Each structure stands twice: as C-alpha cells, then as structure tokens.
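Residue strings, one per chain:
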Amino acid sequence: MLFNSIYNYSQNKISSDVNDTLSVNNFGKSIYEETNLQKSEKLNEYLLSTIKARINLKTVNPKAKKYYQLALISASLSQAYFEQVKANYKKSISINLYALKESNKIKNNSFACFAKMAIAFNFLCLEEYDKALKYYKESEILAKYNKEKAALGYIYAHIGTINYKNKNYNNSLKYNFKSLEIRRKLNDISKIGYTLNNIGENYLAMNQLSDAEKNFKGAEKFSLKANDTKQLSDNYLNLGNLYLLKKESIKALDYLLLSNKLGNESKNLEIIKESSLKLYNVYNDKSQYKLALKFLEESLNAEKKLNKDQNKNELLKAEFKYETEKKEAQIKALSQQKKIANLESQRQKTIAIILTIAIISLLITTYFVFNRYKIKKQNELLKAQLIEAEKTIEAEKKATESELKALKSQMNPHFIFNALSSIQDQFMYGDKVIANEQMGNFTQLTRQILNVSGKKQILLSTEIDILSKYLELEKMRFKTDFDYIITIGTTIDEDYHEIPPMLIQPFVENSIKHGLLHKNGLKKVSIDFKLSDKEDYIICTVEDNGIGRKKSQEIKTNNKHNSFSTESIAQRLQLLNNNDDNVIYEDLKDENGNGIGTRVIVKIYL
C-alpha cells in the first residue's frame, strides 16, 4: 500500500509541462509496473542517480528543479522500500530519514508522512515498539492534516499491532476498529479482511471465542473476495486454532489443512511452521502417526529456515543498537572534548599537536614496516601452498584418468558381448540372411568403437552415428514393431561439441532390453540432445514406452540379472563431472498409475 501511494503521489505532483522531468517520471512509472523486484530495484537505482545528476545542472530551470526534488524523494522512498523487503532495516531507516529531511526542506507533508510511516514499520520489524509507536503517532498527525484516509487506516492498524504485541488487547481493539471504519468507507476489500482478522486475534487472545469466530469468518469472506491468498492462509490458521479451543477437531483439521496448503503455495514459512505443528498435534491425538510425523518434519524444516532469518534480524537489531549507542557516545565525547579544548591554553594545544603528529608518524612507520614484513611472509606461504596444490592436482588428475581408462576397458567388451549375443540369437532362431546383414553392420560398428575407445572425447556426430548403427541392429532384431528417433537441439553443433565416447549407448540398451523386450505392440525409443540454459553442459534424454522400471525389476529379480553398463557410466560421469547429480530416472505412468515407460536424463558437462 505504501509503495503504491508514493508513486500515485509523485504522479500528481510532477508536472507534465517540463519535458525533461516528464521523461524521468515516465521512466519511474516503469519501475512500479515491473513485477520482478530485483529488476525494479535496478531501475530505481538508475532513476535515482539520473535525478541526482540532473538536479545539480546549472541549466535546469527553477520549475524543473522543484519537480526533480519531488522525484528524488519519491525514488529515495522506493529505494528504502527495497532495502526493507531485503530485511536491511537499518539501511532502510537511514534512507527514509534522508527522504524525511528532504521533504521537510520543501515543506511537503505528504512525503514526510510516508517517510515516518516507513521508519515506524522498520522499527516494528526490529521489535523496537516504543520507537515504532513514536513515528506512527507523528505520521498520524500529518495524515490527518493531509486528509490521507488510506494512510490513517494503515497507521491505526499498525498501532493496533504494536498494542497486540505488548498484550494490551483493549487498546489494540480500539485502534483496529478505527482502521476498520476508515477501510469500510474506502471499500478496501483486502484491508477490511486484514483488519477483521486482527480483531479476531485480539478476541482469541482474550478467550472471547464467539466474537473471535465472528470476525475470523468475516475476514475469510473479504479475503476470498479480494483473492488474497496470503491473508487467507493466516485467517485459516486462526480458525483452526479457534476450533481446536472449541474442541471441534473436524472443523479445526479442515482449516489447518487449508492454511498449510496456502502457506506452502506462497512459501510462507511462518504459516507452514504453525499449521504443520498444529496438524502434528491433531494427527498424533488421532493416533495417525505417519501423518503426524510428516507434519512434524515439515514444521521443523520451516522452523530451521525461519531461525536463519531470525538470527539475521537479531544481528541487525544488535548492530543497530550498537551503532545508536556508539553515536550517542561520540556526541557525548565530542561535547566533553569541546569543554576541555576551551580550558586549554594555546601552548598546551601546540604541544599536544606536536606529540600527536610524532606518535602518528611513528605508528605509520611501524605499520608500514610490519605490513611489508607480513606481506612478504604471506607471499612465501602462498607460494609454498601453490606448489603443493599443483602437485596434489596433478596426482588427482592422473588417478582420475587411470580410473576412467579402467572403466572404459570394462565397458566396451561388455557392449561387444551384448551385440554378439543379439546376432547369435538371430543365427539360431531367426533369418540367416538378416543375421549376415547384422554381422556386416556389426563389423562397421566394431571398427568405429575400436577407433574411439582410446579417446577421451569424440564429436557428438560420431556418437550419434554409433548409436544409429546400434539401433539399426536392434531394429532388424525386432522386425517391424520397433522404431526409434534421434533429435538434436537447435543450439547444439554436432560437428563442434564433444562428449566422452560410448556414454549414451548403455542407457539405450537398457531401455530396449529391460523396457521394450517384454512389451507387446509397437516399441519406441527416443534420444534427444540439447544444451542447458547456461550452455555449460549437454542434456541427453533417453525415453522409451516400455513396461517401466518396477515391472522390469521384477523380471530381473526372477532372472537374477545385473546390469553393469549403466553402473559403470554413472561412475564414469561422477569422475568426469566431480558430482553425483548426473543421471536422473523418471518413471512414466498412465492415469491409473501403471508404468508406461521410462525417461533417463543424463548431464554431460562440457
């Protein structure tokens, strides 16, 4: 609300009859229309620097300068908002104080009001409730003077929140009802729901369950109307807590599940933590321990993530408190020094200055000598570490290469054995002519395999040619009910990009022998090569319409067969990529959950 109000105000104040100012304002408009917060921040930084540069130009006429001052304050308030979103409350307060100073210079009460509201909200986030209340009270005076109804509704709601935090529920209700009255007049549907929810929380804390239920139900109605999912998740959590207190566990469970679902959708860690913990208690009481455990784990995970944010906020609060005390101490020290300086004679001043210069000179000389010695020692140590690191890297490289050679030497004989087995089956049980054709194809394929076996990398086009010959062998074996397709992404140059040899064939072989061999009807396998978004690795996807991994595993268990090839490829990729996330298996299922194929995604880093 505050973010939009700042822009709306600057739209009204910055005149369109100053062309240069209008262009800056139109640029500023794009910031508020930008949905990407990071990009909006970058645009606002550019706008702020542009305004600061132009406002100091001698050629700027007084009328344009006035509007630039307004734009500068507006952009500064926006910058403070971005820092607030990132939980940099101290920096946000500092920027808002600058905006407040500039607003007071030109006697602009509207911007001064917004700056004070923003400062108050930052103090509220830092749990500095007294300071937050002070700035909200000051902004209330300005909002009344400016007749800013929406701002008053915002201020009263947050003063109510401060009183709620301090457990002063009657005072909190008083300000929330003030806010509700204003927001009803403005017909602000979303904010009406927000305020009704706050009122319900106060009644719930006072154990007035009937009044709490009435307001929570009203809040639910307006939040649904405004399609405010964030507010709804909090609202449903409150209704769940209410019905737990009323011992109406079925209603409580329904609302808690709704709150948890919306919390997960919006990634609201506080809602996830609270709703999951309540659901754990409900399911635990119902002896549904599996569900109870699931929600307990979800609550603990959310709490873990929240603790990181809370630790950051605690650190910011401690830093802010330290800086405040430090400034106060500096002001006090400066005052004392001034009194002392007035009592000191000119002679004592001169002596003190001479002594100070002598000490500083000595310290500087000592510092440079010591620093030079320190740098020299650090360079010697770094040089020794660099030599040792180079030796270690070289040793690891040799070990990795030897492991890769060992794996490749095991894998290629494995492939040749499987191919010969297929031809043997054709000679024994199939067509002798086709078997002879297969033997010819196998001869060409074997020659290619022998050519690439000793190489670390081969062109992608060579790998695809090997795959095509292998699949043609398999296609003749399956007669007419087998088909395959190999596709290449538009960003890949198959005659430029290289991959390790014989990397994909084992996965294709697995798809055929374990997925398609036992399938009735048309058997399909597709192979797709494409570059990742950052173009740092190739993604190869092998997909079949076979019987699926679960059914295949049952057959393999009965046959006591183990596949060596894919295990060796996984080891090989781990050595090449230096990570474990190289091969991903996805089970394809129909709407009834039956297996209808398997998809294997292989990452090959360039």
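## Details of the pattern of salt bridges
Oppositely charged side chains can form a pair if their charged atoms are brought close together.
Right, on to step 1. The full count for this structure, using the stated rule, is 17 salt bridges.
Right, on to step 2. With a closest N to O distance of 3.8 Å, E83 and K91 form a salt bridge.
Right, on to step 3. If you follow the salt bridges from partner to partner, you end up with E83, K86 and K91 in one network.

## Some thoughts on helix α8 (residues 149-165)
Right, on to step 1. Between the first and last C-alpha of α8 there are 25 Å, a value that for 17 residues agrees with the 24 Å anticipated at 1.5 Å per step.
Right, on to step 2. Here α8 lies mainly inside the structure; 13 of its 17 residues are buried.
Right, on to step 3. Just past α8, the residue K167 takes up positive phi, approximately 65 degrees.

## Quick look at the sheet that holds strand β5 (residues 537-544)
Right, on to step 1. One open sheet holds the five strands; their spatial order is β2-β4-β5-β7-β6, and the pairing between them is mixed. On the outer flanks of this sheet lie β2 (482-488) and β6 (583-589), each paired with one strand and no other. Averaged over all pairs of adjacent strands, the angle between strand axes in this sheet comes to 15 degrees, irrespective of strand direction.
Right, on to step 2. Examined bridge by bridge, strand β4 (residues 523-531) and β5 share seven bridges and lie antiparallel to one another. Its bridge partner lying in β5, L531 is registered against I538.

## Topic: the confidence of the model for the protein chain
Right, on to step 1. For the protein chain, mean pLDDT is 81; residues scoring 70 or higher make up 80% of the total.
Right, on to step 2. When pLDDT is averaged over each helix and strand of the protein chain, the minimum, 43, is found for helix α1 (residues 2-13) and the maximum, 95, for β4.
Right, on to step 3. Per-residue pLDDT stays below 50 along residues 1-34; that stretch engages in 66 contacts with residues further than four places along the chain or on separate chains.

## Comments concerning helix α11 (residues 209-226)
Right, on to step 1. For α11, built from 18 residues, the straight-helix expectation of 26 Å at 1.5 Å per residue is met to within 8% by its first-to-last C-alpha distance of 25 Å.
Right, on to step 2. Within α11 the residues assigned to the buried category are L209, A212, E213, N215, F216, G218, A219, E220, F222 and S223.
Right, on to step 3. Check the buried side of α11 and you find it contacts α9 (169-186), α10 (189-205), α12 (229-245) and α13 (249-266).
Right, on to step 4. Immediately downstream of α11, the backbone of N227 shows phi near 55 degrees, a positive value.

## Overview of the packing of aromatic side chains
A ring pair, where both rings are aromatic, is described by two values, the distance of the centres and the angle of the planes.
Right, on to step 1. Tallied over the entire structure, the rule returns nine aromatic pairs.
Right, on to step 2. Here Y156 and Y175 contribute two aromatic rings whose centre-to-centre distance is 5.9 Å and whose plane-to-plane angle is 40 degrees, an arrangement assigned as tilted. Here Y156, found in helix α8, pairs with Y175, found in helix α9; they are 19 residues apart in sequence, far enough to count as distant.
Right, on to step 3. With a relative accessible area of 5%, Y156 lands in the buried category.
Right, on to step 4. Ring plane angle 15 degrees and centroid distance 5.8 Å describe the contact between Y243 and Y255, whose orientation is recorded as stacked. In this pair, Y243 is assigned in helix α12 and Y255 in helix α13, connecting sequence segments 12 residues apart. Of the two residues, Y243 and Y255, neither departs from the other in class, the shared state being buried.
Right, on to step 5. Three or more aromatic residues link up through ring pairs in this structure, and these residues are Y236, Y243 and Y255.
Right, on to step 6. The ring of Y135 carries K134 above its face, with NZ or CZ at 4.4 Å from the centroid.
Right, on to step 7. Sitting above the plane of the Y156 ring, K178 keeps its charged end 5.0 Å from the centroid.

Here is what the cut-offs are and how they apply
Residue positions are given per chain, counting from 1 as you read along its sequence in written order. Only residues with pLDDT of at least 70 are given local features in this predicted model, and only at 80 or more are side-chain atom pairs given and counted; all residues enter the totals for whole chains, interfaces and linings. Computation of side-chain values: all heavy atoms of the structure, hydrogens and water removed. Put simply, a salt bridge is a Lys or Arg side-chain nitrogen that is within 4 Å of an Asp or Glu carboxyl oxygen. Helix numbering and strand numbering both begin at the N terminus, where a helix is a DSSP run of H or I of at least 4 residues and a strand a DSSP run of E of at least 2. To estimate how far a helix should extend, the number of its residues minus one is multiplied by 1.5 Å. Relative accessibility under 20% of the residue-type maximum defines a buried residue, over 50% an exposed one, and the middle range a partly exposed one, all with a 1.4 Å probe and only protein chains included. Criterion used throughout: strands pair if DSSP finds at least two bridges between them. For every element, the axis is a line fit to its C-alpha atoms; helices are fit only across the contacting stretch, and the angle between N-to-C directions ranges from 0 to 180 degrees. pLDDT is a residue-level measure of predictor confidence that goes from 0 to 100. Contacts: residue pairs with any heavy atoms within 4.5 Å of one another. Only Phe, Tyr and Trp rings are paired, with Trp represented by its six-membered ring, and only when their centres lie within 6.5 Å; those with planes under 30 degrees apart are stacked, over 60 edge-to-face, the remainder tilted. A ring is scored as having a charge over it whenever the NZ atom of a lysine or the CZ atom of an arginine sits within 6 Å of its centre and within 35 degrees of its normal.

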